[in-house]
Amino acid sequence: MESSRARRGRRAHPSRRRPLLCTALATVAVLGATAGGTVYVKAQAHSGTGAVSSSSATPSASGSGSGSGSGKVSVETVAAPEIDYDALLASAMKSVTVPGDAAVSVAVLDLDSGDDATYGESAFDTASIVKVDILATLLLQAQDADRHLTAAEKTYATAMIENSDNDSASALWRIIGKAEGLDAANERFGLTDTAGGDDMLWGLTQTTAADQLILLRQVFGDDSELSEASRTYLQGLMGQIAVDQRWGVSAAADGSSWALKNGWLARSTTGLWDINSIGRVTVDGHDCLVAVLSNGNATQTAGISLVEQVARAAVSALRDGGASASASASASPSTAD
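As the structure is a prediction and not an experimental result, all values here were calculated from the model.

1. Details of the overall build of the protein chain
Point 1. A tally of regular secondary structure across the protein chain gives 8 helices and 12 strands.
Point 2. A total of 337 residues make up the protein chain; the buried ones form 44% of that total.
Point 3. Counted over contacts in the protein chain with a minimum sequence separation of 6, partners at least 24 positions apart contribute 67%.
Point 4. As displayed, the protein chain offers around 17100 Å² of accessible surface, 48% of which is attributable to carbon and sulfur atoms.

This is how it looks when you write it as structure tokens:
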């Protein structure tokens, strides 16, 4: 942020009843901290008897002099340095061991502060996390048609999200128009690096962690193409995942404060696993959106362990960085003579 200067205070005049005396100039420097950054205050005070000590010059909070003896005051605000959250996340990822041929990418956002970070730009198979996108597309299409979901669609949606039922996903994939319908909705959602899988291969939809974070903002944020009713519906299903699927980004949450969808797929060509997890977690009272994508895992268990390590590292990097910035901004002011 560029520095700015506040208004200059009025110069106090000596009493007309006193003889004119030589005026001594004293400069007082006061260093303080504000929520916007660091403030430097310089006060020039005039006295009829000589130099004024630093304790006798008291600039007001607004930077204007007040009362007899107050002088010209200027306030300069210097913004605290911006935090590079991508760098913090990259540093945090050094503590995560990515085994063998595995690859991983993560994106994270603090919904309260707006701080976000991304690690890795590669595209990955979605596996079953695309089911969130499928339902978001269905809800958007229903909004456009000014209709509610049918009873059958609701049954499919519940089974698809809560139990990760593939047959239900296939049924809704057809209803939305397969990849063409998904891609059209994603264009409106703001996803730029996601492409629906060929024909019925919805699990091979390609996406990035950054795009999945955009999708999560459509589901959990206020600025969304989805109506409040649609968002609430989808959030509710993601908060009731089957017990045996409660892994992934939920590892970074405080207790049961999460809503998620996981994806897992053993590739027939390599025998290696795609393991993904996306969702919202609550940490220290803050809602964070997290998307972790991985492939090349030797086993499903190894992939889950990797995704959970990455989710914890990503949320920790974002929260610790934000806490450091807050502590710096609220540092106690000091005074220099």
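Now that the structure is up, let's keep going.
2. Some points on unusual backbone geometry
Point 1. If you check the backbone angles, Ala 127 has positive phi at about 55° while not being a glycine.
Point 2. Its location among the elements puts Ala 127 in the loop between strand 7 (124–125) and helix 2 (130–144).
Point 3. Even without being a glycine, Ser 164 presents a positive backbone phi close to 60°.

3. Here we look at helix 4 (residues 166–176)
Point 1. Listed as buried for helix 4 are Ser 168, Ala 169, Ser 170, Ala 171, Leu 172, Trp 173 and Ile 176.
Point 2. Among the structural elements, helix 2, helix 3 (151–162) and helix 5 (178–189) are those in contact with the buried residues of helix 4.
Point 3. Where helix 4 begins, the side chain of Asp 165 points an oxygen toward the backbone nitrogen of Asp 167, at a separation of 3.4 Å.

4. Regarding the pairing of strand 6 (residues 116–119)
Here is the key point about a regular strand: its side chains alternate between the two faces of the sheet.
Point 1. Relative to strand 6, strand 5 (residues 103–110) runs antiparallel, the two being bridged by 4 bridges. Bridged to Leu 109 within strand 6 is Asp 116.
Point 2. Taking the residues between adjacent antiparallel strands as the criterion, strand 5 and strand 6 are bridged by 5 residues, where Gly 114 takes a positive phi near 85°.

5. Observations regarding the nonpolar core
Point 1. With 75 residues, the main nonpolar core has Ile 134, Leu 135, Met 238, Val 281, Val 290 and Val 292 as its most contacted residues.
Point 2. Ranked by the residues each element gives to this core, the list is headed by helix 8 (residues 300–329), at 10 residues.

6. Points about the sheet that holds strand 6
Point 1. Taken in spatial order, the 5 strands line up as 6-5-11-10-9 in an open sheet, and their pairing is antiparallel. In the strand order of this sheet, the two ends are held by strand 6 and strand 9 (258–266), each with one partner. Direction aside, neighbouring strands of the sheet carry axes that sit 5° apart on average.
Point 2. Along the sheet, helix 7 (residues 228–238) makes contact with strand 9 and strand 10 (273–283), crossing strand 9 at roughly 65°.

7. A look at the packing of helix 2 against helix 5
Point 1. At a closest axis distance of 9 Å, the pairing of helix 2 and helix 5 adopts a crossing angle of 80°. On the basis of the axis angle, helix 2 is roughly perpendicular to helix 5. Contacts between helix 2 and helix 5 involve Val 130, Asp 133, Ile 134, Ala 136, Thr 137, Leu 140, Gln 141 and Asp 144 from the former and Gly 181, Leu 182, Ala 185, Asn 186, Arg 188 and Phe 189 from the latter.
Point 2. By residue class, the composition of the contact of helix 2 with helix 5 is 7 nonpolar, 4 polar and 3 charged.

8. Comments concerning the side chain of Glu 308
Point 1. Among the structural elements, Glu 308 can be located in helix 8.
Point 2. Despite its burial, Glu 308 pairs with no opposite charge; the closest candidate is Arg 312, at 4.5 Å N-O.
Point 3. Residues in contact with Glu 308, not counting those within four places in the same chain, are Trp 247, Gly 248 and Ala 251.

9. Brief notes about the environment of Ile 304
Point 1. Turning to its location among the elements, Ile 304 is positioned in helix 8.
Point 2. We classify Ile 304 as buried; its relative accessible area is 16%.
Point 3. When sequence neighbours within four positions are dropped, the list of residues in contact with Ile 304 reads Trp 247 and Ile 275.

10. Focus: the pattern of salt bridges
Point 1. Tallied over the entire structure, the rule returns 7 salt bridges.
Point 2. A salt bridge links Arg 147 to Glu 153; the nearest nitrogen and oxygen atoms lie 3.0 Å apart.
Point 3. Looking at Arg 147, the relative accessible area reads 35%, which means it is partly exposed.
Point 4. The buried category is assigned to Glu 153, whose relative accessible area is 6%.

11. A few points about helix 3
Point 1. Given a rise of 1.5 Å per residue, 12 residues ought to cover 16 Å, and the 16 Å separating the end C-alpha atoms of helix 3 matches this to within 8%.
Point 2. Glu 153, Ala 157, Ala 159, Met 160, Ile 161 and Glu 162 are the residues of helix 3 that are buried.
Point 3. On its buried face, helix 3 is in contact with helix 2, helix 4, helix 7 and strand 9.
Point 4. Residue Ser 164 follows helix 3 closely and has a positive phi angle near 60°.

12. Things to note about a negative patch on the surface
Point 1. On the surface, Glu 82, Asp 84, Asp 86 and Asp 116 cluster together into a negatively charged patch.
Point 2. Within the element layout of this structure, Glu 82 appears in the loop between strand 4 (72–79) and helix 1 (85–93).

13. Re the environment of Val 292
Point 1. Within the fold, Val 292 resides in strand 11 (residues 286–297).
Point 2. Remark: the alpha-carbon pair of Val 292 and Gly 248, spanning 44 residues in sequence, is separated by 8.3 Å.
Point 3. Filtering out sequence-adjacent residues up to four positions away, Val 292 remains in contact with Val 104, Ser 105, Val 106, Val 249, Ile 275, Asn 276, Ser 277, Val 307, Val 310 and Ala 311.

14. Focus: the environment of Ala 209
Point 1. Relative to the helices and strands, Ala 209 is located in helix 6 (residues 209–220).
Point 2. For the pair formed by Ala 209 and Ala 291, sequence separation is 82 residues and the distance between their alpha carbons is 5.6 Å.
Point 3. Dropping the residues within four chain positions of it, Ala 209 is found in contact with Ser 105, Val 106, Ala 107, Ala 291 and Leu 293.

What counts, and at which threshold
Residues numbered from 1 in each chain as written. Predicted model: local features only at pLDDT ≥ 70, side-chain atom pairs only at ≥ 80, totals over all residues. Heavy atoms only, no water. Helix = DSSP H or I, 4+ residues; strand = E, 2+ residues; numbered from the N terminus. Buried < 20%, exposed > 50% of the residue type's maximum accessible area, 1.4 Å probe, protein only. Contact = heavy atoms within 4.5 Å. Areas by Shrake-Rupley, 256 points an atom, 1.4 Å probe, with all protein chains shown as cover. Polar contact = N/O pair within 3.5 Å; in protein donor to acceptor, adjacent residues only side chain to side chain. Pairing = 2+ DSSP bridges. Core = buried A, V, L, I, M, F, W, Y, C linked by side-chain atoms within 4.5 Å. Axes fitted to C-alpha atoms, helices over the stretch in contact; angles between N-to-C directions. Parallel < 35°, antiparallel > 145°, perpendicular 65-115°, else oblique. Nonpolar A, V, L, I, M, F, W, Y, C, P; charged D, E, K, R; others polar. Lys, Arg positive; Asp, Glu negative; His and termini not counted. Salt bridge = Lys/Arg side-chain N within 4 Å of Asp/Glu carboxyl O. Expected span 1.5 Å × (residues − 1). Patch = residues over 30% accessible without salt bridge, like charges linked within 9 Å, V, L, I, M, F, W, Y side chains within 5 Å. Charge placed at Lys NZ, Arg CZ, Asp CG, Glu CD.

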